[in-house]
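# Structure assessment
Here's the letter readout for the chains.
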Amino acid sequence: MSLHTTAAQLVTLASEGGEHGGNHESLSPLLTGGGAFVVLLLLLWVTTRFNRDR
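Calculation notes
Residues numbered from 1 in each chain as written. Predicted model: local features only at pLDDT ≥ 70, side-chain atom pairs only at ≥ 80, totals over all residues. Heavy atoms only, no water. Helix = DSSP H or I, 4+ residues; strand = E, 2+ residues; numbered from the N terminus. Buried < 20%, exposed > 50% of the residue type's maximum accessible area, 1.4 Å probe, protein only. Areas by Shrake-Rupley, 256 points an atom, 1.4 Å probe, with all protein chains shown as cover. UniProt positions renumbered as here; feature names shortened; annotations may be inferred. Patch = residues over 30% accessible without salt bridge, like charges linked within 9 Å, V, L, I, M, F, W, Y side chains within 5 Å. Salt bridge = Lys/Arg side-chain N within 4 Å of Asp/Glu carboxyl O. Polar contact = N/O pair within 3.5 Å; in protein donor to acceptor, adjacent residues only side chain to side chain.

### Side note on the overall build of the chain
Each helix and strand in the chain was counted, giving 2 helices and 0 strands. Residue burial in the chain is summarised as follows: out of 54 residues, 0% are buried. Surface accessibility of the chain: about 5,400 Å² in total, with carbon and sulfur atoms responsible for 67%.

Put into structure tokens, the structure is as follows:
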């Protein structure tokens, strides 16, 4: 497979991706963002518990 053929296939694949939104139907942005926020707060709490000497 040559570089030209690979590039042509990638261009075709990229142009077909425009008609799909990219979002999965089962993913809720609010739930995903809220879950990430809770995980980050939990990591912050754990980190501050281990750094009591400061």
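### Comments concerning the UniProt feature "transmembrane region" (unreviewed entry) in the chain
Under the feature "transmembrane region" (unreviewed entry), the UniProt entry names residues 27–46. Structurally, residues 27–46 comprises 90% helix and 0% strand, and the distance from its first C-alpha atom to its last is 28 Å.

### What to know about a nonpolar patch on the surface
On the surface, a nonpolar cluster with roughly 400 Å² of combined accessible area is contributed by Phe37, Val38, Leu41 and Leu44. Along the chain, the position of Leu44 falls in helix H2 (residues 29–50).

### Description of the environment of Ser2
Position of Ser2 among the secondary structure elements: in the segment before helix H1 (3–16). Assessed through its relative accessible area of 38%, Ser2 is described here as partly exposed. For Ser2, the side chain forms a polar contact with the side chain of Thr5, separated by 2.9 Å.

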